[in-house]
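Spelled out from the first residue to the last, the chains are:
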Amino acid sequence: MGAMIEIQNLQKRFGDITAVDGVSFDVDRGEVLGFLGPNGAGKSTTMKMLTGFLPPSGGTARVGGHDITSDALAAKRLIGYLPEGAPLYPDMTPEGFLAFIAEIRGYRGAEVRARVDDVVQKVQLQKVMRQPIETLSKGFKRRVGLAQAILHDPQVLVLDEPTDGLDPNQKHEVRGLIRSMQKDKVIILSTHILEEVEALCSRVIIIAGGKLVVDCTPAQLAAKSKWHNAVRVEIPKTESARVGASLADMFGSAAVEQLATEDDDVSLLVSTKERRSILSEISQRAQSEKWKLDGLHVEHGKLDEVFRELTRPTVAN
């Protein structure tokens, strides 16, 4: 049996513009895939093709073995989709809208109420159920959109910016909900919040210019950062000259950067071109020279820096 999602050479053209250019990847059950890219990279277009919202110009995509073009209805039954912007019927209430979605999904009678009650509890919509959707805040609209996506307990969940517009507490709740569903589903998560990728995703794909540029784990992505394995040395200002000179002697002056000075504290960031582990060397030097340390911290890598480097537009000569 193949992967739950199989995408092969997927393409989408709008006239002379190629939005998605030969993207291929598979996703297995139990994976939370972070699907990243700058604005205009082709993320939302790829998800719209995967969910049957847009027909591809070329290539194929299968969900649970069902082709999204030739067997679209069977594929869509397996999918829950939260599109960008969470489009909803503004004159309906969440109560009426979710009951409508349940009926579209094939539920009848008591099953409709049971499904609606379950998702309302999961995304905490109780206090707005009878308000017109157009009167809701952006955060509550987003939660209504998430509720319709998970109402039928889909095997595949495609979420485009699921925490957009939510406050920090609501984001925490939605992330917990995603973790609780991870085990037996495929979840594709598009987000611009890189801390969300680190918190939720088991795998990351980045596309730029419609092409796939990286496919790896979040840890592997962080390891591409020039700050991977860098050590932040926190010292009193009175120690900065002595410690800075010692670190420059060990690793070269270009390897030592002063990050910030606040009151009587200084932070020095030490890194190597090889991104090798240097904590033990610094610790040993600190002990032998009796530095007055406030702290030593190892950096695992900055995802935002890696993201910018991988998606930076190339300039033709």
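The structure contained in this document is the topic of the report that follows. (Residues numbered from 1 in each chain as written. Predicted model: local features only at pLDDT ≥ 70, side-chain atom pairs only at ≥ 80, totals over all residues. Heavy atoms only, no water.)

**A look at the overall build of the chain**
For the chain, the count of helices and strands is 11 helices and 14 strands. Dimensions along the principal axes, computed over C-alpha positions, put the chain at roughly 75 × 50 × 40 Å. Out of the 317 residues belonging to the chain, those deemed buried represent 47%. Sequence-distant contacts in the chain: of pairs separated by 6 or more residues, those separated by 24 or more amount to 69%. (Helix = DSSP H or I, 4+ residues; strand = E, 2+ residues; numbered from the N terminus. Buried < 20%, exposed > 50% of the residue type's maximum accessible area, 1.4 Å probe, protein only. Contact = heavy atoms within 4.5 Å.)

**Some thoughts on the packing of aromatic side chains**
Using the criterion set out here, one finds three aromatic pairs in the structure. Aromatic pair Phe 25 and Phe 35: ring centres 5.8 Å apart, planes at 45°, arrangement tilted. Of the two residues, Phe 25 sits in strand E2 (residues 17-27) while Phe 35 sits in strand E3 (residues 32-36), which places them 10 residues apart along the sequence. You can call Phe 35 buried: its relative accessible area is 1%. Linked through ring pairs, Tyr 89, Phe 97 and Phe 100 together constitute an aromatic cluster. Cation over ring: Lys 12 sits above Phe 14, and NZ or CZ is 5.4 Å from the ring centre. (Phe/Tyr/Trp six-rings, centres within 6.5 Å; stacked < 30°, edge-to-face > 60°. Lys NZ or Arg CZ within 6 Å of the ring centre and 35° of its normal.)

**Description of the pairing of strand E6 (residues 79-82)**
Neither face of E6 is left uncovered, since the one carrying Ile 79 and Tyr 81 and the one carrying Gly 80 and Leu 82 both have all their residues buried. Direction of pairing for E6 relative to strand E7 (residues 156-160): parallel, over a ladder of four bridges. Residue Gly 80 lies in a different strand from E7, and its bridge partner there is Leu 157. (Pairing = 2+ DSSP bridges.)

**Some words on a nonpolar patch on the surface**
On the surface, Tyr 89, Phe 100 and Ile 104 cluster together into a nonpolar patch covering about 300 Å² of accessible area. One can find Phe 100 in helix H3 (residues 94-104). (Patch = residues over 30% accessible without salt bridge, like charges linked within 9 Å, V, L, I, M, F, W, Y side chains within 5 Å. Areas by Shrake-Rupley, 256 points an atom, 1.4 Å probe, with all protein chains shown as cover. Salt bridge = Lys/Arg side-chain N within 4 Å of Asp/Glu carboxyl O.)

**Some remarks on the sheet that holds strand E5 (residues 66-67)**
Sheet architecture is open: four strands sit in the order E2-E1-E4-E5, paired in antiparallel fashion. Because the sheet does not close on itself, it has two edges, and the strands there are E2 and E5. As paired elements, strand E1 (residues 5-14) and strand E4 (residues 58-63) share five bridges and run antiparallel to each other. If you follow Glu 6 over to E4, its bridge partner there is Arg 62.

**Points about the sheet that holds strand E10 (residues 211-216)**
Hydrogen bonding along the main chain pairs the strands of a sheet, whether they run parallel or antiparallel. Pairing is mixed across the open sheet formed by six strands, whose spatial order is E6-E7-E8-E3-E9-E10. With partners counted over all chains shown, the strands left at the sheet margins are E6 and E10, one partner each. The average undirected angle you get between the axes of adjacent strands in this sheet is 15°. Direction of pairing for E3 relative to strand E8 (residues 186-190): parallel, over a ladder of four bridges. (Axes fitted to C-alpha atoms, helices over the stretch in contact; angles between N-to-C directions.)

**Looking at unusual backbone geometry**
Positive phi outside glycine occurs at Gln 124, with the angle close to 60°. Relative to the elements of secondary structure, Gln 124 occurs in the loop between helix H4 (110-123) and helix H5 (138-150). A positive phi is found at Glu 161, a non-glycine position, where the angle reads about 55°. You can see Glu 161 is positioned in the loop between E7 and helix H6 (168-181). Taking the relative accessible area as the measure of exposure, Glu 161 reaches 13% and is therefore buried.

**Considering the pairing of E3**
By the criterion of burial, E3 is predominantly enclosed, with five of the five residues buried. Going residue by residue along E3, you find Val 32, Gly 34 and Leu 36 tucked away on one face and Leu 33 and Phe 35 tucked away on the opposite face as well. Examined bridge by bridge, E3 and strand E9 (residues 203-208) share four bridges and lie parallel to one another. Its bridge partner lying in E9, Leu 36 is registered against Ile 206.

**Digging into the state of the cysteines**
The term disulfide refers to a covalent linkage connecting the sulfur atoms of a pair of cysteines. Counted according to the given criterion, the structure contains zero disulfides. Between Cys 201, a cysteine without a disulfide, and Cys 216, which holds the nearest cysteine sulfur, the sulfur-to-sulfur distance is 11 Å. (Disulfide = S-S within 2.5 Å.)

**Let's talk about the nonpolar core**
If you look at the biggest cluster of nonpolar residues, it comprises 50 residues, and the most contacted ones within it are Leu 98, Leu 125, Leu 146, Ile 150, Leu 159 and Leu 221. Here this core gets six residues from one element, more than from any other, and that element is H5. Excluding its chain neighbours within four sequence positions, the residues that come into contact with Leu 98 are Val 116, Val 119, Val 120, Leu 125, Met 129, Val 144, Ala 147, Gln 148 and Leu 151. Grouped together as the second largest cluster of nonpolar side chains are 29 residues, Ile 7, Phe 25, Ile 205 and Ile 207 included. (Core = buried A, V, L, I, M, F, W, Y, C linked by side-chain atoms within 4.5 Å.)

**Re the environment of Thr 217**
Considering the arrangement of structural elements, one finds Thr 217 in the loop between E10 and helix H8 (218-222). According to the relative accessible area criterion, Thr 217 is partly exposed, its value standing at 30%. For the pair formed by Thr 217 and Glu 84, sequence separation is 133 residues and the distance between their alpha carbons is 24 Å. Those residues in contact with Thr 217, other than ones at most four positions away along the chain, are Ser 202, Arg 203 and Val 204.

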